[in-house]
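# A closer look at the structure
One-letter residues, chain by chain:
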Amino acid sequence: NDPAGPSQAIKCLRRKLKSDNPKVITLALQLVDSTIKNCSAPMHAAVGSKEFMGDMVNLTDGKRGWEVRELALKLIQSWGIEFASKSDTLPLFHQTYTNLRVKGVTFPEADASVPIHTPPAATDPSAFSQPTQDEGKSAEAVRDRLQAGSR
């Protein structure tokens with residue numbers, strides 16, 4: 001719960017988004033998507049900063065590959081739609097999306113079936129069940145195989 005955590009995370013992610021390797025950029029974009037879905041307002045504000053959203057727009061030029069461009073557009077579109085109702089506190093999500101649309105950028109077809117926000121984690125300890133005996137044995141078997149493979 002470090003107040004500087006979101007800005008530090010975004011600083012690291014911005015470096016990854018400037019990589020020459022499309023795979024590194026794609027993985028960074030997937031991580032950003034996960035943080036938006038699983039983190040709260042401070043992280044949303046860090047992602048919705050002028051600097052970060054500017055980096056996202058730069059990825060839409062296609063210079064780092066088609067996959068990077070499409071994923072960046074998909075995320076900008078998703079965030080723009082989802083955060084439109086919060087444009088008073090997080091304006092750049094919707095502004096960025098709208099500005100690109102006005103410029104004639106074609107976005108991928110939106111997947112309306114996937115919500116952007118993941119429900120909050122359960123805080124009731126009884127919500128977490130203990131693994132069954134079979135699940136415990138399976139986990140041990142996987143661990144043993146992984147350890148054997150790394151020798």
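Our structure's up above, just so we're on the same page.
This text gives an overview of the structure that appears in the document. (Residues numbered from 1 in each chain as written. Predicted model: local features only at pLDDT ≥ 70, side-chain atom pairs only at ≥ 80, totals over all residues. Heavy atoms only, no water.)

This brings us to the overall build of the chain. If you tally the helices and strands in the chain, you get seven helices and zero strands. Within the chain, contacts between residues at least 6 apart in sequence are counted, and of these 66% link residues at least 24 apart. (Helix = DSSP H or I, 4+ residues; strand = E, 2+ residues; numbered from the N terminus. Contact = heavy atoms within 4.5 Å.)

So, on to the side chain of S19. Positionally, S19 belongs in the loop between α1 (5-17) and α2 (22-38). Setting aside residues up to four positions removed in sequence, S19 forms contacts with V24, I25 and R64.

Next up on the list: the pattern of salt bridges. In total, this model carries three salt bridges according to the counting rule given. A salt bridge links D33 to K37; its shortest N-O distance comes to 3.3 Å. Linking D33 with K37, this pair stays in helix α2, spanning four residues, or about one helical turn. Assessed through its relative accessible area of 23%, K37 is described here as partly exposed. Its salt-bridge partner being R69, residue E70 comes within 3.2 Å of it at the nearest N-O pair. Taking relative accessible area as the criterion, R69 reaches 23% and is therefore assigned partly exposed. (Salt bridge = Lys/Arg side-chain N within 4 Å of Asp/Glu carboxyl O. Buried < 20%, exposed > 50% of the residue type's maximum accessible area, 1.4 Å probe, protein only.)

Once that is clear, we can look at helix α5 (residues 66-82). For α5, with 17 residues, the first-to-last C-alpha span of 24 Å sits near the 24 Å given by 1.5 Å per residue. Of all the positions in α5, only V68, E70, L71, A72, L73, L75, I76, Q77, W79 and G80 are classed as buried. (Expected span 1.5 Å × (residues − 1).)

As a further point, take the nonpolar core. Counting residues in each nonpolar core, the largest one holds 28 residues, and the members touching the most others are L17, L29, V47, F52, M56, W79 and F93. Mapped onto this core, the elements with two or more residues apiece are α1, α2, α3 (41-47), α4 (50-58), α5 and α6 (91-102). The greatest single-element share of this core, amounting to seven residues, is contributed by α5. (Core = buried A, V, L, I, M, F, W, Y, C linked by side-chain atoms within 4.5 Å.)

In this section: the packing of α5 against α6. Where α5 contacts α6, the axes come no closer than 7 Å and their chain directions differ by 125 degrees. One way to sum up the angle between α5 and α6 is to call them oblique. Where α5 crosses over α6, the handedness of that crossing is left-handed. Mapping the contact onto sequence places L73, I76, Q77, W79, G80 and I81 in α5 and F93, H94, T96, Y97 and L100 in α6. Its residues placed into classes, the contact of α5 with α6 shows seven nonpolar, four polar and no charged. (Axes fitted to C-alpha atoms, helices over the stretch in contact; angles between N-to-C directions. Parallel < 35°, antiparallel > 145°, perpendicular 65-115°, else oblique. Left-handed = near helix turned anticlockwise from the far one by under 90°. Nonpolar A, V, L, I, M, F, W, Y, C, P; charged D, E, K, R; others polar.)

Turning our eyes to something else, we now look at the environment of A41. You can see A41 is positioned in helix α3. On the basis of relative accessibility, which here comes to 53%, the residue A41 falls in the exposed class.

On to the packing of aromatic side chains. Here the structure, examined in full by the defined rule, presents three aromatic pairs. Relative to F93, the ring of W79 has its centre 5.7 Å away and its plane inclined at 75 degrees; by these criteria the two rings are edge-to-face. Placement of the pair is W79 in helix α5 and F93 in helix α6, with a sequence separation of 14 residues. On the accessibility criterion, W79 (0% relative accessible area) is buried. Counting every residue linked through ring pairs, the aromatic cluster contains W79, F83 and F93. (Phe/Tyr/Trp six-rings, centres within 6.5 Å; stacked < 30°, edge-to-face > 60°.)

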